[in-house]
Amino acid sequence: MPDLDDLQDGKNYHIGVPMQSNAFFLKGSNSLDWGMKNRLARVFNPATGRTVMLAVDHGYFQGPTTGLERIDISIVPLVPYADALMITRGALRTSIPAEMSKPVVLRATGGQSILKELSNELVAVDIEDAVRLNASALAVQVYIGSAHEHQSIGNLVKVVDAGNRQGIPTLAVTGVGKELARDAKYLGLATRICAEMGAHFVKTYFCEKGFARVAAACPVPLVIAGGKKLPELEALQMAYVAIDQGAAGVDMGRNIFQCDAPIAMIQAVRAVVHDQEKPDKAYELYLSLKKDAPRTGPSAGVPNRSRS
Ligand code: R5P
């Protein structure tokens, strides 16, 4: 029973002090409901407005790609350094300890493989399962200009609507068919369509020319994919320029987990994204951390395990 003794009138009404009504820190997100904003504020760091997401969802169409053969061994040690983990439900349930407190951006489309047409995807996670997994966001691939463009936009619409009902934001990922150029014209078209269809943030590729226009014309935060493995300094330069030109972070996979020293690399990427460290300084940081770091990348051997 509630305690009714000693009831007192409150005195601290701060009459005359207007209640604060601050704009939410992420672009295009001010009209969202509290739960949606709260989840976005887990994926993006409110102090910097940016994120370093670690993308490890490649197996959903590529199988055990280099660096992801054993997510339990190669990825779990990286998780503490990421702001969010982009992953499939299968990898999450089997290979990531539930004690992990990082937000999950759950891969929500799939249904094809590298052996077939990549754009032929469907919604691959029920919203109830996303809630069960405590997802902070859902990720949907959208293939503008590819064979199944219409179907992939339909997948985005379905996931956005399902996520909106539960307060879970949706990340649209712009998949670019092999025959298409990753230039500002294409990326501007793809990212804008994703945002207009209701995506709460969008993942795309960086392009050398005109990326600032792509970022400016996308009314929600943009994060960039790392793409194929580059020399570390080049990957850091790409992240730096993308942030400088308006990206709100990275969702990087191979350029982190395919490094010889992934823990050093993710910290160098963090320095660029959150502290706007210059690429050469961040590279120096990478080299100095690499000297002491355990090698967990693809060239590392199998760890010694005592038999229990
Ligand atoms: C897109 O196809 C998937 O989300 C990839 O698994 C992810 O975007 C790739 O990230 P990265 O290009 O940095 O390896």
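Cut-offs and rules
Residues numbered from 1 in each chain as written. Predicted model: local features only at pLDDT ≥ 70, side-chain atom pairs only at ≥ 80, totals over all residues. Heavy atoms only, no water. Patch = residues over 30% accessible without salt bridge, like charges linked within 9 Å, V, L, I, M, F, W, Y side chains within 5 Å. Areas by Shrake-Rupley, 256 points an atom, 1.4 Å probe, with all protein chains shown as cover. Salt bridge = Lys/Arg side-chain N within 4 Å of Asp/Glu carboxyl O. Lys, Arg positive; Asp, Glu negative; His and termini not counted. Charge placed at Lys NZ, Arg CZ, Asp CG, Glu CD. Helix = DSSP H or I, 4+ residues; strand = E, 2+ residues; numbered from the N terminus. Near = heavy atom within 4 Å. Polar contact = N/O pair within 3.5 Å; in protein donor to acceptor, adjacent residues only side chain to side chain. Nonpolar A, V, L, I, M, F, W, Y, C, P; charged D, E, K, R; others polar. Pairing = 2+ DSSP bridges. Axes fitted to C-alpha atoms, helices over the stretch in contact; angles between N-to-C directions. Contact = heavy atoms within 4.5 Å. Buried < 20%, exposed > 50% of the residue type's maximum accessible area, 1.4 Å probe, protein only. Parallel < 35°, antiparallel > 145°, perpendicular 65-115°, else oblique. Left-handed = near helix turned anticlockwise from the far one by under 90°. Phe/Tyr/Trp six-rings, centres within 6.5 Å; stacked < 30°, edge-to-face > 60°.

What follows is about a negative patch on the surface. Together, Asp275, Glu277, Asp280 and Glu284 make up a region of like negative charge exposed at the surface. If you trace the backbone, Glu284 turns up in helix H12 (residues 279-292).

So, on to the site of the ligand. Close contacts around the ligand come from 14 residues, with Asp57, His58, Lys203, Gly227 and Gly253 the closest. For the ligand, an oxygen atom lies 3.1 Å from a polar atom in the side chain of Arg107. If the ligand stood free it would expose 370 Å²; the protein chains cover 95% of that surface. Partitioned by chemical class, the residues of the shell around the ligand number four nonpolar, five polar and five charged.

A few words on the sheet that holds strand S7 (residues 170-174). What holds strands together in a sheet is hydrogen bonding between their backbones, with the strands either parallel or antiparallel. Read around the barrel, eight strands follow the order S1-S2-S3-S6-S7-S8-S9-S10 and close on themselves; strand pairing throughout is parallel. Averaged over all pairs of adjacent strands, the angle between strand axes in this sheet comes to 25°, irrespective of strand direction. Of the pairings in the sheet, the one linking strand S8 (residues 201-204) to strand S9 (residues 222-225) comprises three bridges and is parallel in character. Residue pairing in the sheet places Lys203 in a bridge with Val223 of S9. Strand contacts of helix H7 (residues 184-196): strand S6 (137-142), S7, S8 and S9, with the helix running at about 155° to S8, the strand carrying the most contacts. Of the strands in this sheet, S9 and strand S10 (249-252) are in contact with helix H9 (residues 232-244), which crosses S9 at around 165°.

A word on the side chain of Glu232. Structurally, the position occupied by Glu232 is in helix H9. Accessibility expressed as a relative area gives 15% for Glu232, which makes it buried. Ignoring anything within four residues of it in the chain, the contact list for Glu232 reads Cys259, Met265, Tyr283 and Tyr286.

This part is about unusual backbone geometry. One non-glycine residue, His14, lies in positive phi territory at about 50°. Secondary-structure assignment places His14 in the segment before helix H1 (34-43).

Here we come to the packing of helix H11 (residues 262-275) against H12. The contact between H11 and H12 brings their axes to 8 Å, and the two run at 155°. Judged on the interaxial angle alone, H12 and H11 are roughly antiparallel. Here H11 and H12 pass one another in a crossing that is right-handed. Contact residues: Ala264, Met265, Gln267, Ala268, Ala271 and Val272 in H11; Ala282, Leu285, Tyr286, Leu289 and Lys290 in H12. Across the contact of H11 with H12, the residue classes tally to nine nonpolar, one polar and one charged.

What characterises a pair of aromatic rings is the spacing of the ring centres plus the angle enclosed by the ring planes. Taken as a whole and assessed by the stated rule, the structure comprises five aromatic pairs. A ring pair is formed by Phe24 and Phe25, whose centres lie 4.8 Å apart and whose planes are at 55°; its orientation type is tilted. Note on Phe44 and Phe201: the rings are 5.3 Å apart at their centroids and 75° apart in plane angle, and the pair reads as edge-to-face. Here Phe44 is found in the loop between H1 and strand S1 (51-55), whereas its partner Phe201 is found in strand S8, with 157 residues between them in sequence.

Scope: geometric values only; no functional claims are made or implied.
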